[in-house]
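Structural features, examined
If you want the building blocks of each chain, they are given just below.
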Amino acid sequence: MNLFIVEDSLLIQNRLVRFIEELHDISIVGISPDIGSAYNKIIDAHADAMILDIQLSDGNGLVLLKKIKNTHPEIRIVVLTNHSSEANRMQALRAGADSFLDKSTDFEQIPSILHRWQTSGSTH
């Protein structure tokens, strides 16, 4: 599975990379700190899945989520955010997020979600 990370916190980026490097058959094919450069990089990298923050330096990650899901609905997206209000959760799920996690409490769920996506044959 090719995984792309859109996250502007270097600390979280590094934590995700360390976490995912331990997982078999999952390759990080790119990291972008902002929305502006992410879309083309995601498509060019042939990403099967993404980890996406909502609060990014150049705007709301839900804009990118909608764009990806409109053009490449097969890409699975887990939203990972510190802003896990019910309103944000509903907005993300309506926009097409496949999963919605709180950075402070749900980080440990990432491997099981990615493995579930892998085994369900949902990647292209």
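Here the structure is a predicted model, which is why all the values come from computation and not from measurement.

Regarding the overall build of the protein
When helices and strands are counted, the protein shows five helices and seven strands. In terms of overall size, the protein behaves like a compact globule, its C-alpha atoms giving a radius of gyration of 13 Å where 124 residues would be expected to give roughly 14 Å. Judged by the C-alpha coordinates and their principal axes, the protein covers about 35 × 30 × 25 Å. The proportion of buried residues among the 124 residues of the protein is 47%. A total of about 6100 Å² of accessible surface is found on the protein, and carbon and sulfur atoms cover 49% of it. Side chains of the protein give 11 positive and 16 negative charges; the mean places of these two sets differ by 5 Å.

A look at the pairing of strand S3 (residues 49-52)
Both faces of S3 are covered, namely the face carrying Ala49 and Ile51 and the face carrying Met50 and Leu52. Relative to strand S6 (residues 76-81), S3 is paired through four bridges, and the arrangement is parallel. Within S6, the residue paired with Ile51 across the bridge is Val78.

With respect to the side chain of Glu7
Looking at the secondary structure, you find Glu7 in the loop between strand S1 (2-6) and helix H1 (10-21). Within the local environment of Glu7, its side chain forms a polar contact with the side chain of Lys103, the two groups lying 2.9 Å apart. Apart from the residues within four sequence positions on either side, Glu7 is in contact with Ile12, Gln13, Ser32, Pro33, Asp53, Leu56 and Lys103.

Some remarks on the UniProt feature "modified residue: 4-aspartylphosphate" (unreviewed entry) in the protein
Summarizing the sequence annotation, UniProt attributes the feature "modified residue: 4-aspartylphosphate" (unreviewed entry) to Asp53 in the numbering used throughout. Looking at the element boundaries, Asp53 is found in the loop between S3 and strand S4 (55-56). Residues in contact with Asp53, not counting those within four places in the same chain, are Val6, Glu7, Asp8, Gly61, Leu80, Thr81 and Lys103.

Regarding the UniProt feature "domain: Response regulatory" (unreviewed entry) in the protein
As annotated in UniProt, the feature "domain: Response regulatory" (unreviewed entry) corresponds to residues 2-118 in the numbering used here. This span, residues 2-118, is 44% helix and 25% strand, and a straight line between its end C-alpha atoms measures 10 Å.

Analysis parameters
- Residues numbered from 1 in each chain as written.
- Predicted model: local features only at pLDDT ≥ 70, side-chain atom pairs only at ≥ 80, totals over all residues.
- Heavy atoms only, no water.
- Helix = DSSP H or I, 4+ residues; strand = E, 2+ residues; numbered from the N terminus.
- Rg over C-alpha atoms; globule rule 2.2 N^0.38 Å.
- Buried < 20%, exposed > 50% of the residue type's maximum accessible area, 1.4 Å probe, protein only.
- Areas by Shrake-Rupley, 256 points an atom, 1.4 Å probe, with all protein chains shown as cover.
- Lys, Arg positive; Asp, Glu negative; His and termini not counted.
- Charge placed at Lys NZ, Arg CZ, Asp CG, Glu CD.
- Pairing = 2+ DSSP bridges.
- Polar contact = N/O pair within 3.5 Å; in protein donor to acceptor, adjacent residues only side chain to side chain.
- Contact = heavy atoms within 4.5 Å.
- UniProt positions renumbered as here; feature names shortened; annotations may be inferred.

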